[in-house]
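So you can see what is in the structure, the chains are spelled out below.
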Amino acid sequence: MTDPSRPEARSPRGFIDRRARDLAAERAILRAVSAVYERYGFEALETPAFEYADALGKFLPDADRPNEGVFALQDDDEQWMALRYDLTAPLARFAAQNWETLPKPFRRYAFGPVWRNEKPGPGRYREFVQCDADTVGSARPEADAEIIAMAAEGLVAAGVPDGAAILKINSRKLLNGLMASAGVADESQKLAVLRAVDKLDRLGPDGVRLLLGEGRLDESGAFTKGAGLNAAAAERVLAFTAAGAGRGETLSQLSNAIGGSPEGDEGVRDLEAIDRALISLGVGPDRAIFDPSVVRGLEYYTGAVFEAELLLGTTDEKGLPVRFGSVGGGGRYDDLVARFTGERVPATGFSFGVSRLAAALRAAGRQGLEARGPVVVIAFDQSHMADYFAIAGEMRAAGIPAEVYLGASGMKAQMKYADRRLSPAAVIVGEDEFAAGTVTVKDLDLGRALSRGVTDNAAWRAERPGQATVPRADLVTTIRAILDAGA
RNA sequence: GCCGCCUUAGCUCAGUUGGUUAGAGCGCCAGAUUGUGGCUCUGGAGGUCCCCCGUUCGAUCCGGGGAGGCGGUACCA
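Since this is a predicted model, take the numbers as computed values, not measurements. Residue numbers run consecutively from 1 along every chain, following the written order of its sequence. As a convention, the first chain written is A and the first ligand written is 1, with the rest following in written order. Given that the model is predicted, a residue must reach a pLDDT of at least 70 before its local features are reported, and side-chain atom pairs must reach 80 or more before they are shown or counted; all residues, however, enter totals for whole chains, interfaces and linings. Calculated side-chain values reflect all of the structure's heavy atoms, with hydrogen atoms and water omitted.

### With respect to the sheet that holds strand β4 (residues 80–83)
- As summarised here, the arrangement of the three strands in space is β2-β4-β3, forming an open sheet in which the pairing is antiparallel. Among the strands making up the open sheet, the edge pair consists of β2 (50–52) and β3 (72–74). Taking each pair of neighbouring strands and ignoring which way they run, the sheet shows an average axis angle of 30°.
- Each pair of strands is called paired provided DSSP finds at least two bridges between the two strands. Numbered from the N terminus, helices here are DSSP runs of H or I no shorter than four residues, and strands are runs of E no shorter than two. Bridging between β2 and β4 involves three bridges; their strand directions are antiparallel. Within the sheet, the bridge partner assigned to Glu-51 lies in β4 and is Ala-82. To obtain each axis, a line is fitted to C-alpha atoms, and for helices this fit is confined to the stretch in contact; angles are then taken between N-to-C directions over 0 to 180 degrees.

This is how it looks when you write it as structure tokens:
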């Protein structure tokens, strides 16, 4: 039966189709978060899906692996272009390209899909939506604090209940200071230490200790080579990451742990300034804390780094607990525009993983609304199709979603169709109704509720629950009463 | 990338110690019910048993290779 010449109907690996319910949740989040950003004075910007690959930075396609990390293709002039993997790199390109004419500091927000050519995982796709806000051209810690405050407000606007999310803040300068004081000078060893620290929440101190030292063997049997620190240095790193989970007291602990390295001290001063600004912005330690274990990526960031963690205790379809963890992150990146212009431009920003946030909220039951279908006008008598369209048009003119059934099936199947669309009502107009100048309106919501108590089909059909025949002129008011009752 | 598990109907999965017509539940379509969604009953459609090669009289089942899926791990700008 399967013809090998026919294509198999399937979506590419790591890409998914999203239906009305998912889209409604996601669009609501985008609307709410965009409104917060605009209230803070950020302007909208949309850049193309494709950028020239060199503008995206690190992932220069070469002959061997042109698609590593990004989806890239060669234009007809032989130039490599690639789908953007985030919204920050395109912003840096835009800012550099238009620097002379932009009002500075330049504040913009953007949202849209980004693409990553990597192995998909649970809840992790190769195409997903981000919502991003950045300030380009301000080195002030208040710029970081403002971004953090907007992220906190954005979470609330998106529907995350108070106390269900926390913003965790750290500084790369602190981490660099830590390395200096722990005697880590080698660049690759630095990266290994950062990677190890980044896994603290997943592996715990013992796992991280192994990764800081010789290495770790995981349960699948795969071995991860460690950073090769000696025991004293490893303990020093662990002590640093264990410093508090608050703001003021954490800062003093951190400043002790760093022990006077110049870069570390600078990081402490930055965080102190951010703390003061957050207080004046009304963001307390219940919403944003300093957490020395936050690392965020590896190159790229030059100062403060932030991460939004969701604390909702959620469960999957099988009832197993799911930790959504990070739903967004960001930080200060002072060198990104300089890649284009040579001029160092301080910048800071934050990005929400919108798809992930929507999934988390839905899994937590905060966004449990099904997408409602339209009122369905039953195509009862083929010779009256024009009347059915007039009826649908009348409802649409009143702002009520409505459609005429356009399939070829009988009435029973049409009722089933309306039920599956989660339609609030069906409109039935047959010979009797036309003769009497009436329409029959069936309240499907009421029927859905009543059907739970009915066991006998004959009785169910005889009762015609929620069904009323009204004068044709009363159609819209009857439908609206049903809609209002359901709302 | 590395490690492990898996692949049989649209979905979830049985099963054949290698033998002739490969099953269930759910879902779908239809009828019981000339104009009515749920329940119940009845009937129906739907399968190259992931692909290729090998062993065999014979492979969905055994062996080798490949692809795809899932999970872990690495990477994640």
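### A short note on the environment of Tyr-300
- As for its position among the elements, Tyr-300 is in the loop between β10 (288–290) and β11 (304–310).
- Its relative accessible area of 28% is what places Tyr-300 among the partly exposed residues.
- Tyr-300 sits 36 residues away from Leu-336 along the chain, and the two C-alpha atoms are 7.4 Å apart.
- The contact criterion used throughout is that any non-hydrogen atoms of two residues lie within 4.5 Å. Discounting chain neighbours no more than four positions away, the residues touching Tyr-300 are Asp-86, Thr-88, Arg-332, Tyr-333 and Leu-336.
- Reaching out from Tyr-300, the side chain makes a polar contact with the side chain of Thr-88 at a distance of 3.5 Å. Each residue's exposure class comes from its accessible area (1.4 Å probe, protein chains only) as a fraction of the maximum for that residue type: buried when under 20%, exposed when over 50%, partly exposed otherwise. Pairing of N or O atoms within 3.5 Å defines a polar contact, subject to two protein rules: one partner must be a possible hydrogen donor and the other a possible acceptor, and residues neighboring in sequence count only if both atoms are side-chain atoms.

### Points about helix α9 (residues 248–258)
- Turning to α9, its buried residues number three or more, namely Thr-250, Leu-251, Leu-254 and Ile-258. Looking straight down α9, one finds its buried side chains confined to an arc of 100°; they lie on one side.
- Where α9 is buried, its residues touch α5 (172–182), α8 (231–241), α10 (262–280) and β10. Here the arc refers to the directions that run from the helix axis out to each C-beta atom.

### A closer look at the packing of α5 against helix α6 (residues 187–198)
- Orientation of α5 relative to α6, taken along the N-to-C sense of each, is 120°, at an axis distance of 11 Å. Regarding the angle of α5 to α6, the classification is oblique. Viewed along their axes, α5 and α6 form a crossing whose handedness is right-handed. Of the residues in α6, those touching α5 at Arg-172, Leu-175 and Met-179 are Lys-190, Val-193 and Leu-194.
- In this classification, Asp, Glu, Lys and Arg are treated as charged, Ala, Val, Leu, Ile, Met, Phe, Trp, Tyr, Cys and Pro as nonpolar, and every other residue, Gly included, as polar. Split into classes, the residues belonging to the contact of α5 with α6 amount to four nonpolar, no polar and two charged. Throughout, the term roughly parallel applies to angles under 35 degrees, roughly antiparallel to angles over 145, roughly perpendicular to angles from 65 to 115, and oblique to all others. Left-handed describes a crossing whose near helix is turned anticlockwise from the far helix through less than a right angle; right-handed describes the clockwise counterpart.

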